[in-house]
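Inside the fold
Letter by letter, the chains look like this.
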Amino acid sequence: MKKDKAKEFEAIGDKNVEAGNSEKAIENYKSALSIVRQNDDKNTLGTLYIKLANTYYELKDIDNYVLFYEKYLELFPDGQLSVLQRLAYAYYFIDTNKSIEYHDRALLYDINDYDAVSIAFAMIKSSDYSQSEVLEEAEYLMTELKETYFSDIQKYYSPEKKKSKDSDKKLNIGYLSSDCHSHIMMNYILPIWENHNKKKFNITVFNSSSTSDTTTAKIKSLGLNIIDCEKLEIPQLAQVIFDKDIDILVDLGGFTNLRSLVHFYKPAPIILSYLGYLNTLGIDEVDYIIANKFMLPKKFAKYYKEKPLYLPKEYQVFEPPTNLLEQTVCPFEKNGYITFGSFNCVSKLSNKLIRLWVKILQNVPNSKLLIYRTGMSKTVIKRLSAEFERHGVSKDRIEYNTTTYFPHFKAYELADVSLDSYPFSGMSICLETALCGVPTVTLKGEALQSNGAASVLNSCGLSSLIAVNDEEYIELATRLAKNSAYLQQLRGELREIVRNSPICTKHKEFTRSLERKYRKIWKEYCEN
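Here's a quick rundown of the structure. (Residues numbered from 1 in each chain as written. Predicted model: local features only at pLDDT ≥ 70, side-chain atom pairs only at ≥ 80, totals over all residues. Heavy atoms only, no water.)

Ile 234, Leu 237, Ala 238 and Ile 241 are the residues of helix α11 (residues 234–243) that are buried. The arc enclosing the buried residues of α11, seen along the axis, measures out at 100°, which places them on a common side. (Buried < 20%, exposed > 50% of the residue type's maximum accessible area, 1.4 Å probe, protein only. Helix = DSSP H or I, 4+ residues; strand = E, 2+ residues; numbered from the N terminus. Arc of directions from axis to C-beta.)

This part takes up the pattern of salt bridges. Under the definition given, this model contains 21 salt bridges. Measuring nitrogen to oxygen at the nearest pair gives 3.9 Å for the salt bridge that ties Glu 10 to Lys 7. Of this pair, Glu 10 and Lys 7 are both found in helix α1 (residues 2–18), 3 residues apart, which corresponds to roughly one turn of the helix. For Lys 7, a relative accessible area of 45% gives the class partly exposed. In this structure, Lys 146 engages Asp 284 in a salt bridge whose closest nitrogen and oxygen atoms are separated by 3.3 Å. Here the residue Lys 146 occupies a position in helix α8 (residues 131–149), and Asp 284 occupies one in the loop between β5 (270–273) and β6 (288–291), the gap between them amounting to 138 residues. A relative accessible area of 48% means that Asp 284 is categorised as partly exposed. By sharing partners, the salt bridges in this structure join Glu 139, Lys 146, Lys 155, Asp 284, Glu 285 and Lys 305 into a single network. (Salt bridge = Lys/Arg side-chain N within 4 Å of Asp/Glu carboxyl O.)

It is worth spelling out the side chain of His 507 at this point. As for its position among the elements, His 507 is in helix α21 (residues 507–527). Note on His 507: relative accessible area 10%, which makes it buried. Here the side chain of His 507 touches Ile 503 through a polar contact of 3.3 Å, landing on its backbone oxygen. Setting aside chain neighbours within four positions, we find His 507 in contact with Pro 191, Asn 195, Val 317, Phe 318 and Glu 319. (Polar contact = N/O pair within 3.5 Å; in protein donor to acceptor, adjacent residues only side chain to side chain. Contact = heavy atoms within 4.5 Å.)

Now for the sheet that holds strand β1 (residues 171–177). Pairing is parallel across the open sheet formed by 7 strands, whose spatial order is β3-β2-β1-β4-β5-β6-β7. The open sheet terminates on both sides in strands that have one partner only, identified here as β3 (225–228) and β7 (307–310). Put simply, the sheet's adjacent strands are angled 25° from each other on average, direction ignored. With 4 bridges connecting them, strand β4 (residues 248–251) and β5 associate as parallel partners. Counted as the bridge partner of Ile 248 is Ile 270 from β5. Along the sheet, α21 makes contact with β1, β2 (201–207), β4, β5, β6 and β7, crossing β1 at roughly 115°. (Pairing = 2+ DSSP bridges. Axes fitted to C-alpha atoms, helices over the stretch in contact; angles between N-to-C directions.)

As enumerated under the stated definition, the model contains 2 cavities of 30 Å³ or more in all. Roughly 40 Å³ of internal volume is contained in the largest cavity. Lining the largest cavity are Leu 176, Ser 177, Ser 178, Ser 208, Asp 251, Leu 252, Gly 253, Gly 254, Asn 257, Arg 259 and Ser 260. Across the lining of the largest cavity, the residue classes break down as 2 nonpolar, 7 polar and 2 charged. By volume, the second largest cavity amounts to about 30 Å³. Forming the boundary of the second largest cavity are Leu 325, Glu 326, Gln 327, Thr 328, Glu 413, Cys 436 and Arg 495. (1 Å grid on protein atoms, 1.4 Å probe; cavity = no way out; pocket = protein on both sides within 12 Å on 5 of 7 lines; lining within 4 Å. Points joined across faces, edges and corners; volume = space filled by probe spheres on them. Nonpolar A, V, L, I, M, F, W, Y, C, P; charged D, E, K, R; others polar.)

The next subject is the packing of aromatic side chains. In this structure the tally under the stated criterion is 24 aromatic pairs. Note on Tyr 92 and Phe 121: the rings are 6.1 Å apart at their centroids and 50° apart in plane angle, and the pair reads as tilted. With Tyr 92 in helix α5 (residues 81–92) and Phe 121 in helix α7 (residues 113–123), this residue pair connects regions lying 29 residues apart in the sequence. Taken as a pair, Tyr 92 and Phe 121 share a single burial class, namely buried. Among the aromatic residues, those joined into a cluster by ring pairs are Tyr 89, Tyr 92, Phe 93, Phe 121, Phe 255, Tyr 277 and Phe 424. Here the basic side chain of Lys 444 rests over the ring of Phe 294, its NZ or CZ set 4.7 Å away from the ring centre. (Phe/Tyr/Trp six-rings, centres within 6.5 Å; stacked < 30°, edge-to-face > 60°. Lys NZ or Arg CZ within 6 Å of the ring centre and 35° of its normal.)

Burial runs high along β2: 6 of the 7 residues are buried. One ladder, built from 7 bridges, connects β1 with β2; its direction is parallel. Residue pairing for β2: Ile 173 is matched across the bridge by Ile 203. Between the parallel pair β1 and β2, the chain is carried across by helix α9 (residues 184–195), and the sense of this crossover is right-handed. When β2 meets β3, the two strands line up parallel, connected through 4 bridges. Following the sheet pairing, Thr 204 is matched in β3 by Asn 225. Between the parallel pair β2 and β3, the chain is carried across by helix α10 (residues 214–220), and the sense of this crossover is right-handed. (Right-handed = clockwise from strand over helix to strand, strands pointing away.)

Relative to the assigned elements, Leu 514 resides in helix α21. For the pair Leu 514 and Pro 312, spaced 202 residues apart in the sequence, the C-alpha separation amounts to 9.3 Å. In this structure, Leu 514 is in contact with Tyr 175, Ile 192, Ile 290 and Leu 311, ignoring residues within four places of it in sequence.

Take the environment of Arg 491 next. Relative to the helices and strands, Arg 491 is located in helix α19 (residues 484–499). C-alpha separation for the pair Arg 491 and Asp 416, spaced 75 residues apart in sequence, amounts to 8.5 Å. When near neighbours in sequence (up to four residues on either side) are disregarded, Arg 491 contacts Gln 327, Thr 328, Val 329, Cys 330, Pro 331, Tyr 412, Glu 413, Ala 415, Asp 416, Cys 436, Gly 437 and Val 438. A distance of 3.1 Å separates the side chain of Arg 491 from the backbone oxygen of Glu 413, its partner in a polar contact.

For the rest of this paragraph, the subject is helix α3 (residues 42–58). Owing to its 3.6 residues per turn, the α-helix brings residues three or four apart onto one side. In a regular helix each residue adds 1.5 Å, so 17 residues correspond to 24 Å; α3 covers 24 Å between its end C-alpha atoms and thus fits that length. Every buried residue belonging to α3 is among Thr 44, Leu 45, Gly 46, Leu 48, Tyr 49, Ile 50, Leu 52, Ala 53, Thr 55 and Tyr 56, and all of these are buried. The positive-phi residue at the C-terminal boundary of α3 is Lys 60, with phi of around 60°. (Expected span 1.5 Å × (residues − 1).)

This part covers the side chain of His 263. With respect to the secondary-structure elements, His 263 resides in the loop between β4 and β5. Side chain to side chain, His 263 and Asp 251 meet in a polar contact 2.8 Å long. Contact partners of His 263, with chain neighbours within four places excluded, come to Leu 176, Leu 249, Asp 251, Ile 271, Leu 281, Ile 283, Glu 285 and Val 286.

See below:
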């Protein structure tokens, strides 16, 4: 009798899901669950867990969908591919290493592009992997993908299929991007596109963005050749790139999406990776990764599949946002204590980093740490809180803030000192906080993704904020927090320091330097 009642609740829940009444459906499924639990019906229990998890997933309730998917896995450890992938995605924002674990389990079903690319990306956010291990895993995953799905394709270019050897021709440069809208990536790339010498270079943008806005319109007003490719499958995209007779293809996204798999087709004779993904792709067909010696010291170049294409000076340029707020005083002046701030994606907050922050808090009595990120779930906060408490930091010294501010720069005003993430640095956060008068302390590392903020600070003449080891990171943050006069000075001066730096003032010079590198590698291609 009770079993029939449970089925009745489940059926009502199904109807509510179909009708779009998710909240009601959850009530129905939980009513069924309370009955089924008493009877210990494993299969029915598993079905209800999946239905609850799926409903919470549609509601974007990460805490509850993780809860019920994991309850399902307790009953059926082999799981379902979709369950493992959704948990891997959720843990990307909670615990990077656990995300990798679920992606690995998903790959046991079958090698697939989503899990392979996601593992490579997640590894560069974890402090548990060396750069040699990152390279090894990326090469392995890409080889598996190629052999499984791309083994019988005909590459458009190869050593046997070379283009015309006209080294002085007007070069056709293609940029592959999924960020051609109001995205921070365009603050770096638009200055380059605006300054390209169109007499010597034909510029084509292969736009895979699903969003179109005022920034998209601005891009289209530059006189570039814009090809909207969002709806194209990888083979179609490869054909379009080849048909445009591209000489050098620059990938601006890497493993932030799946479009990089187009490189297996070698649709251009020379392929480069730049800026959007700060590590190796592990793909044979990608020839170069753009860097400078500060971002990627030559002694570490052997840990990248691609050959580094070294720029002589800055690694990047940047166009500051136009909606910056009027600058405010340091929070400590009204709070009476120092507030350290973390503004990077919480997936970048490794346990090693938290241990460093604990020591900084211990060194600066009464200081607090603000961890700010919209969409930060209760599960994330629970993990971080447990880690801080494990090291003896009381709850009242950590503030979690998920408020959505318009513009988001208001969040930066809440901190006196910004603490950069590690091993994946926050290059854009460092720039934005500096433009709001908040200095960032960063830890320089061996890998490309560790040096974004350090590159910014170095270009701005602020190398005193760059640490080269753990102890120095702690020392610099401690010393800065205790120097109230210097903090006040930086609050008033940092914006202009950034605006007057080569990053913001040398757009044309940077682009010419990049163009010379394009020409150099094209000549080498023609000569070899």
